[in-house]
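The residues making up each chain are set out below.
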Amino acid sequence: MTALSVRNLRKSFGALQVTDDVNLDVTEGSLHALIGPNGAGKTTLIHQLCGQLGPDDGTVSFFGTDVTDLDMPHRARLGLARSFQITSVLPRFTVRDNVALAVQARSGSSFRFFRPAKHERALNDQSMAALTDVGLTDRANDLAGALSHGEQRQLEIAIALATRPRMLLLDEPLAGTGPEEADALVDLLLKLKGQLSILLVEHDMNAVFALADKISVLVYGRLIATGPGADIRRNREVREAYLGEDAS
Ligand SMILES: Nc1ncnc2c1ncn2[C@@H]1O[C@H](COP(=O)(O)OP(=O)(O)OP(=O)(O)O)[C@@H](O)[C@H]1O
């Protein structure tokens, strides 16, 4: 089944066509990478997929439901979760409470009723399950602000997982991480792969080619190729526009 289906999507900022007739299908359970040069429009496309930004034209369907006119909270409730390019954790909250807030948001309770997560067994169990998924259980009681950059990216993924999504939209999860942190995040994504559908925007080509079932290449808002990694490496237009002739 197709998890996410994008048809003839268009978006302009003034005279700049940032999304130019994009068609994209992400197969359920696959990890689909979206790559392209800086300013190609990858983040703008993610914003339109998660509902943060409306397209000028075209449609977005999620597991067969047309979600084009739904806002971000509504899409999140359907199971479409995103993590952010810029770190979005609350540094003065514990790691566990950062996840607990996401669990509470999903269950519909408000901040007014928020109490420390350790007092809420169900909340605690769900939060710890998400932290176990990303390998952060031993940091649960630490302040999120005390985590390394890579651990904060893991926490962001835990926050997204806590909403029990059917699909994750990940915008540059490896940005700013060191080699060991990047390896840990790649291992995490390998573990998640197959459990849910993932659309990954990433500049780290080693990670992209190691992880992706399919890769789509966006250049000046236009998708110039979609296919398995081996096909993308061989694609002449992709090599000229992005990967460079020395890609091997
Ligand atoms: N709100 C906005 N108003 C005007 N122009 C914008 C807006 N958001 C993005 N842009 C422009 O749209 C283009 C695409 O930006 P976008 O951030 O989507 O690219 P990207 O492929 O994600 O880049 P990067 O890889 O550097 O993160 C850029 O030229 C950017 O300056």
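The model shown is predicted, which means the values in this text are computed figures rather than measured ones.

Enquirer: Give me the lowdown on helix α1 (residues 42–50), citing residues and values where you can.
Expert: Across the nine residues that make up α1, a large majority, seven, are buried. When we look at burial in α1, the residues that qualify are K42, T44, L45, I46, Q48, L49 and C50. Backbone geometry just downstream of α1 places G51 in the positive-phi region, at approximately 95°.

Enquirer: Explain the pairing of strand β2 (residues 16–27) residue by residue, including any values.
Expert: Bridging between strand β1 (residues 2–13) and β2 involves nine bridges; their strand directions are antiparallel. For R10, the partnering residue across the bridge sits in β2 and is D20. Taking the residues that link successive antiparallel strands as the turn, the β1-β2 hairpin has two residues, and the phi of G14 there is positive, at about 60°.

Enquirer: So what's going on with the sheet that holds β1? Residues and values would help.
Expert: Pairing within the open sheet is antiparallel, and its four strands lie in the order β2-β1-β4-β5. Single-partner strands in this sheet number two, and they are β2 and β5 (65–66). Most of the contacts of α1 go to β1, to which it runs at about 120°, and overall it touches β1, β2 and β4 (57–62).

What counts and how
Residues numbered from 1 in each chain as written. Predicted model: local features only at pLDDT ≥ 70, side-chain atom pairs only at ≥ 80, totals over all residues. Heavy atoms only, no water. Buried < 20%, exposed > 50% of the residue type's maximum accessible area, 1.4 Å probe, protein only. Helix = DSSP H or I, 4+ residues; strand = E, 2+ residues; numbered from the N terminus. Pairing = 2+ DSSP bridges. Contact = heavy atoms within 4.5 Å. Axes fitted to C-alpha atoms, helices over the stretch in contact; angles between N-to-C directions.

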